[in-house]
Amino acid sequence: MARYALLVAGLIALAVPTVMTGQQGGGGSYPQTLIPPAKGPFTFPAGYQTPWEKVEILVKEKLSPNLFVLHGSDTLDPAHPDGSGGRALALFGPDGVLMVDSQNRQVAEKTLKTLRSFTDGPIRIMVNTHVHSDHTGGNAFFAKQGALIYSQENLRNEMVRPPRRGPGGPAVEMAGVPAATYSYSAATIGQPAVTFYMNGEIVDFIPMMPSHTAGDTIVRFRNADVIYIEDFYRNFGYPFADQANGGSLQGMLEASDLIAKLAGPKTTLVPGHGTLIKKDELLPYRAMVADILAKVKTLREQGKTLKEVLAANLTAPYDAKTLGDTQQSKDRFITEAFDEVRDFPPVVDGKRTMPQH
Ligand SMILES: [Zn+2]
């Protein structure tokens, strides 16, 4: 028996490299971009609504042989014309499926169908990187498929008590609210709150300081050398910090600094939108945010009004290089900077209550 097993193993060893080389091009061939995000420019008529029935969910990137990116088709969704919704990741294999984020609610069935095109494993774990609906909208649907949802405690609170929901707003779908939570602590900055050993991968959920929102998590795949850095970095449109949910541009600078420490030069950084990047592309972004904050601060200290600061066109040096540059995205960025350069409250109980313009 032992000799027979050895012989079979030997035959497989001979056979496998030929097959592997043909399909994957050998080691070091990841990430693979199958469908790059569209670059635009895009225009949508007034009153345009996303035709959700036309949005497809596609495998747009492969980060390792068993870690795929699911992302929506381009040119249809005015919130994200480069690729509808936020990237969702699926790690799959004999131990089942671990997902990062759940895409928009309207496309949940399509997200599952695409997932089922490459794995029939049970969906076991979901982690949410931040509360926005393009990353958590499919939560309840995937919870019903069996996913146990993890997030920061702050994200759970943002979902249960949304700051912007007025009377008569939609009820919270409790099935989609994270069931397992953890918190950010300045004492353990950069350390994973949760680690999963699954499908030959080691996956770390690393809670972030209040940055894009108050409840952000980045997700590291140690063997693939990949970090999903979600939305505090973007290379489509200008930066956005969700101040109503405790986010801030200054928090996003801290988040950039932490990523720069955690990532090696070859680490693939996966933003929620736009293109995949390496660490060297994060640094000019950080410099731009810091530059704009400093310039807005100077103008505000000179007594300039918001209208005057907006008119100063401070983003001009960056416009040519910023894909998805729109007046709305610029004005939002500058307005946020204007609000927080005068009044930047401390973090209390893991949250920062931001000033609102
Ligand atoms: Zn997003």
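Structural notes, computed from the coordinates. Keep in mind the model is a prediction, meaning the values are calculated, not measured. (Residues numbered from 1 in each chain as written. Predicted model: local features only at pLDDT ≥ 70, side-chain atom pairs only at ≥ 80, totals over all residues. Heavy atoms only, no water.)

1. Some remarks on the overall build of the protein
Test applied: Numbering of helices and strands runs from the N terminus; a helix is a DSSP stretch of H or I covering at least four residues, while a strand is a stretch of E covering at least two. When accessible area is computed with a 1.4 Å probe and restricted to protein chains, residues below 20% of their type maximum are described as buried, those above 50% as exposed, and intermediate ones as partly exposed. In this analysis, two residues are considered to be in contact whenever any of their non-hydrogen atoms come within 4.5 Å of each other. Using a 1.4 Å probe, accessible areas were evaluated by the Shrake-Rupley method; residue-level cover was limited to the displayed protein chains.
When you go through the protein residue by residue, the secondary structure sums to 10 helices and 13 strands. Looking at the protein as a whole, 52% of its 357 residues qualify as buried. Within the protein, contacts between residues at least 6 apart in sequence are counted, and of these 66% link residues at least 24 apart. Element-wise, carbon and sulfur atoms account for 56% of the exposed surface of the protein, whose accessible area totals about 16,500 Å².

2. Notes on the pattern of salt bridges
Side chains that carry opposite charge are capable of pairing whenever their charged atoms lie near each other. Formally: What counts as a salt bridge is simple: a side-chain nitrogen of Lys or Arg found within 4 Å of a carboxyl oxygen of Asp or Glu.
What the rule picks out here adds up to eight salt bridges. Across the salt bridge formed by Asp 204 and Arg 220, the nearest N and O atoms sit 2.9 Å from each other. With Asp 204 in strand 10 (residues 201-207) and Arg 220 in strand 11 (residues 217-221), the pair connects residues that are 16 residues apart, well separated along the chain. Classification of Asp 204 as buried rests on a relative accessible area of 0%. In this structure, Asp 257 and Arg 286 form a salt bridge, with 2.5 Å as the shortest nitrogen-oxygen distance. Of this pair, Asp 257 sits in helix 6 (residues 249-262) while Arg 286 sits in helix 7 (residues 279-301), placing them 29 residues apart in sequence. Connected via shared salt-bridge partners are Asp 204, Arg 220 and Arg 222.

3. What about the sheet that holds strand 13 (residues 268-271)?
Heads up, the rule is: Strand pairing is defined by DSSP finding a minimum of two bridges between the two strands. Each axis is a line fitted through C-alpha atoms, taken for helices only over the stretch in contact, and angles between the N-to-C directions span 0 to 180 degrees.
Taken together, five strands build an open sheet; the order of strands is 9-10-11-12-13 and the sheet is mixed. The sheet terminates laterally at strand 9 (194-198) and strand 13, the two strands that pair on one side only. Averaged over all adjacent pairs, the angle separating strand axes in this sheet is 20 degrees, with direction ignored. Across the sheet, helix 6 is in contact with strand 10, strand 11, strand 12 (226-230) and strand 13; its angle to strand 11 comes to roughly 10 degrees.

4. Comments concerning helix 6
Inclusion rule: Here the expected length of a helix is defined as 1.5 Å per residue gap, with one fewer gap than residues.
If you check helix 6, its first and last C-alpha atoms are 20 Å apart, about what 14 residues at 1.5 Å a residue would give, namely 20 Å. Turning to helix 6, its buried residues are Leu 249, Gly 251, Met 252, Leu 253, Ala 255, Ser 256, Leu 258 and Ile 259. Residues of helix 6 that are buried make contact with strand 11, strand 12, strand 13, helix 7 and helix 10 (327-342).

5. Section: the coordination of the zinc ion
Think of it this way: four donors in a tetrahedron around the metal ideally sit 109.5 degrees apart, and six in an octahedron ideally sit 90 or 180 degrees apart. Defined as follows: Because water is not among the atoms used, a metal site may look incomplete, as its donors are only the N, O and S atoms within 2.8 Å, or 3.2 Å for Na, K and Ca. Think of it this way: with four donors and all angles in the 85 to 135 degree range, the site is tetrahedral; with four or six donors, opposite ones beyond 155 degrees and the rest between 65 and 115, it is square planar or octahedral; otherwise it is irregular.
The protein atoms that coordinate the zinc ion are Asp 134 (OD), His 135 (NE2), Asp 231 (OD) and His 273 (NE2), at distances of 1.9 to 2.7 Å. Geometry at the zinc ion is irregular, judged from the four donor atoms that bind it and their angles of 83 to 153 degrees at the metal.

6. A look at the nonpolar core
In plain terms, the rule: In this text, buried Ala, Val, Leu, Ile, Met, Phe, Trp, Tyr and Cys residues form a nonpolar core when linked through side-chain atoms within 4.5 Å.
Formed by 37 residues in total, the largest nonpolar core has its most connected members in Phe 232, Ile 259, Ile 292 and Val 296. Of all the secondary structure elements, the ones that give two or more residues to this core are strand 12, helix 6, helix 7, helix 8 (306-311) and helix 10. Broken down by element, this core gets its largest block of residues, eight residues, from helix 7. Setting aside its immediate chain neighbours within four residues, Ile 259 contacts Met 208, Ile 218, Ile 229, Phe 232, Leu 269 and Leu 282. Listed in part, the 24 residues of the second largest apolar core include Leu 63, Leu 67, Met 198 and Val 219.

7. Looking at the sheet that holds strand 4 (residues 88-91)
Pairing between the strands of a sheet comes from backbone hydrogen bonds, and it takes one of two forms, parallel or antiparallel. Taken in spatial order, the eight strands line up as 1-2-3-4-5-6-7-8 in an open sheet, and their pairing is mixed. Because the sheet does not close on itself, it has two edges, and the strands there are strand 1 (32-33) and strand 8 (180-182). Where strand 4 lies against strand 5 (residues 97-100), three bridges are found, and the strand directions are antiparallel. Its bridge partner being in strand 5, Leu 89 is matched across the sheet by Val 100. Against the sheet, helix 2 (residues 108-115) touches strand 2 (57-64), strand 3 (67-72), strand 4, strand 5 and strand 6 (123-127), its axis set at about 45 degrees to strand 2. Against the sheet, helix 5 (residues 153-160) makes contact with strand 7 (148-152) and strand 8, and its axis sits at roughly 105 degrees relative to strand 7, the strand it touches most.

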